[in-house]
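Take a look at the letters that make up each chain.
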Amino acid sequence: MTSHTAGSLDVLLGGTKTGSATASKPAITAKVATIKDVKIPTMVRFEGKQFRCMVIQFAKSEATLLIKSDDVVPAVLGQSVLDLEFSGTVNRLNYYVQSVATTEKKHDSTFLTVTLGLIDQDDVKEKFIDALFKSL
């Protein structure tokens, strides 16, 4: 083995290369919540059909909700509108459907978990979402 490969092998196996600076330990920082578990009852619309729902997880860029579906299953990549209220103001936010899953392991499950990705990117709606997220 040549001297330059021996040093590389030592580093890969957990040793330190001779003459190299010692590795410093990373500082421990507090994690900032990016997704919050919530229970927000509201309304959501998929392709003209309105559902009562419960937002169960909320982030600034997505929302996961629980719906009771009778005959309509939201289409992945379909558009949706979620009504969210904060400080007496109801805002209709535009999302797309990222995923749909059954809550029970059967083909005719009544309840669905739907994850939505945010489409809106205007300043007013972003400020609304930021204020709502901070309040949760």
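This text gives an overview of the structure that appears in the document. Just so we're clear, the structure is a prediction, and the values are computed from it rather than from any experiment. (Residues numbered from 1 in each chain as written. Predicted model: local features only at pLDDT ≥ 70, side-chain atom pairs only at ≥ 80, totals over all residues. Heavy atoms only, no water.)

## Structural notes on the overall build of the protein chain
Thought 1: Check the secondary structure of the protein chain and you find 2 helices and 6 strands.
Thought 2: Sequence-ordered secondary structure for the protein chain, helices as α and strands as β, is α-β-β-β-β-β-β-α.
Thought 3: Each of the 136 residues in the protein chain was classed as buried or not, and the buried ones make up 31%.
Thought 4: For the protein chain, contacts bridging at least 24 residues in sequence account for 47% of all contacts bridging at least 6.
Thought 5: Accessible area of the protein chain: about 9400 Å², with a carbon and sulfur share of 55%. (Helix = DSSP H or I, 4+ residues; strand = E, 2+ residues; numbered from the N terminus. Buried < 20%, exposed > 50% of the residue type's maximum accessible area, 1.4 Å probe, protein only. Contact = heavy atoms within 4.5 Å. Areas by Shrake-Rupley, 256 points an atom, 1.4 Å probe, with all protein chains shown as cover.)

## Details of the environment of Gly48
Thought 1: Secondary-structure assignment places Gly48 in the loop between strand E1 (35-46) and strand E2 (49-59).
Thought 2: A residue is classified by how much of its surface remains accessible, and Gly48, at 81% relative accessible area, is exposed.
Thought 3: For the pair Gly48 and Val81, spaced 33 residues apart in sequence, the C-alpha to C-alpha distance is 9.7 Å.

## Description of the pairing of E2
Thought 1: Sheet topology places E1 next to E2; 10 bridges connect them, and they run antiparallel. Its bridge partner lying in E2, Ile40 is registered against Val55.
Thought 2: Where E1 folds back on E2, the antiparallel hairpin that results is connected by 2 residues, among which Glu47 adopts a positive phi of roughly 45 degrees.
Thought 3: Across 5 bridges, the pairing between E2 and strand E3 (residues 62-68) is antiparallel. In the strand pairing of E3, Val55 is matched with Leu65.
Thought 4: Where E2 folds back on E3, the antiparallel hairpin that results is connected by 2 residues. (Pairing = 2+ DSSP bridges.)

## Brief notes about the environment of Thr34
Thought 1: Within the secondary structure, Thr34 sits in the loop between helix H1 (3-12) and E1.
Thought 2: Given a relative accessible area of 58%, Thr34 falls into the exposed group.
Thought 3: Placed 24 residues apart in sequence, Thr34 and Phe58 show a C-alpha to C-alpha distance of 8.5 Å.

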